[in-house]
Amino acid sequence: MSAESPAAPGQFARRRQQFRAWRGTRPFWAGLFVMISGFPIMYFPYAHIKLGGLTIAMATTAGAGSLIIGVLLVVLGITLWFQKHVRTFAGVAAILLGLVSLPVSNFGGFIVGFLFALIGGAMAVAWVPGVAPADEPAKQDTTGEGGVPEATDYDTALLRPVNPVGEPNHLSGTSPVNGANGRHSAG
C-alpha cells in the first residue's frame, strides 16, 4: 500500500467503533482524569514561569515527592485502562495521592491536579462493568380476532400435578438430582 493510496472506505469508522467498544468495557474516563492529574503535579515544582521580565521558579524542597506522586498517578491512570479488575485499588490510591499532593507539591499542582485526581479516583471506584443484555424469549402473540387479547385460563395451572408420577418428593432439598449433596440452603 503506497502513501498516495486512500484508506479503505469505512476504515476510520470501523476503528472508531472498535475504540468505542474497548472504551466501554473499562473505566476509560477515570483513567484519563487520573493520568491528567499527574502532569500538573509533576510539572509545577520544576517549571520556570516567565511573566514579562520576571521569572517565577516554583522549585521546592519536595520536588522529588511531586515527581513521584505525578508519575504514580500517570501509572495508575494507565493501569485503569489496561487492568480494569484493580479499579477499586487504583481509584483509592489516586484519591490518596491527590490528597498527599496538597502539602507536598504546591497545593496539588495549584488545585488542578488535586481535583482531577479526586474526580478520576471517585469515577474509578464507582465504575462497575456492564452486564451483557440477556436474550429475551420471543413473546407469543396473544391477540385474538380484531386485535382483542385472548383470554388466558389460569385455572388449568392448578389442575396439573405438583409432582409428576414416579418421581420421589424430596421436600428437604437434598436430592442428588439437584446437586445439594445433603447440604441445606439457608434461603
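No experiment lies behind these values; they were computed from the predicted model shown.

### Brief notes about the overall build of the protein chain
The helix and strand tally for the protein chain stands at seven helices and two strands. The linear arrangement of helices and strands in the protein chain, starting from the amino end, is α-α-β-β-α-α-α-α-α. Across the 187 residues that make up the protein chain, the buried fraction comes to 25%. Across the protein chain, contacts joining residues at least 24 apart in sequence account for 64% of those joining residues at least 6 apart. When the accessible surface of the protein chain is totalled, it reaches about 13400 Å², and 66% of it is carbon and sulfur.

### As for the side chain of S37
If you trace the backbone, S37 turns up in helix α2 (residues 28–43). With residues up to four places along the chain from it excluded, the contact list for S37 reads L73, G113, F116 and A117.

### Things to note about the packing of aromatic side chains
Taken as a whole and judged by the stated rule, the model has nine aromatic pairs. Taken together, a centroid distance of 5.6 Å and an interplanar angle of 90° make the contact between F19 and F28 edge-to-face. Residue F19 is classed as partly exposed on the basis of its relative accessible area, which comes to 36%. Note on W81 and F82: the rings are 6.4 Å apart at their centroids and 80° apart in plane angle, and the pair reads as edge-to-face. By relative accessible area, which is 16% here, W81 ends up buried. Here the aromatic cluster, defined as three or more aromatic residues joined through ring pairs, consists of F19, W22, F28, W29, W81 and F82.

### Remarks on unusual backbone geometry
Backbone geometry follows two general trends: most residues other than glycine have a negative phi, and most peptide bonds adopt the trans configuration. Unlike most non-glycine residues, I111 shows phi in positive territory, near 70°. Within the element layout of this structure, I111 appears in the loop between α5 (106–110) and α6 (112–126). Classification of I111 by relative accessible area gives partly exposed; the value is 38%.

### Quick notes on the confidence of the model for the protein chain
Of all residues in the protein chain, 64% attain a pLDDT of 70 or more, and the chain-wide mean is 78. Between the elements of the protein chain, mean pLDDT differs from a low of 52, seen in helix α7 (residues 155–159), to a high of 95, seen in α6.

### Quick notes on α6
Given a rise of 1.5 Å per residue, 15 residues ought to cover 21 Å, and the 21 Å separating the end C-alpha atoms of α6 matches this to within 8%. By the burial criterion, the buried members of α6 are G113, F114, A117, G120, G121 and A124. Taken end-on, α6 shows its buried residues confined to a sector of 140°, consistent with a single buried face. Looking at the buried side of α6, the elements it contacts are α2, α3 (63–82), α4 (87–104) and α5.

Rules of the game
Residues numbered from 1 in each chain as written. Predicted model: local features only at pLDDT ≥ 70, side-chain atom pairs only at ≥ 80, totals over all residues. Heavy atoms only, no water. Helix = DSSP H or I, 4+ residues; strand = E, 2+ residues; numbered from the N terminus. Buried < 20%, exposed > 50% of the residue type's maximum accessible area, 1.4 Å probe, protein only. Contact = heavy atoms within 4.5 Å. Areas by Shrake-Rupley, 256 points an atom, 1.4 Å probe, with all protein chains shown as cover. Phe/Tyr/Trp six-rings, centres within 6.5 Å; stacked < 30°, edge-to-face > 60°. pLDDT = per-residue confidence, 0-100. Expected span 1.5 Å × (residues − 1). Arc of directions from axis to C-beta.

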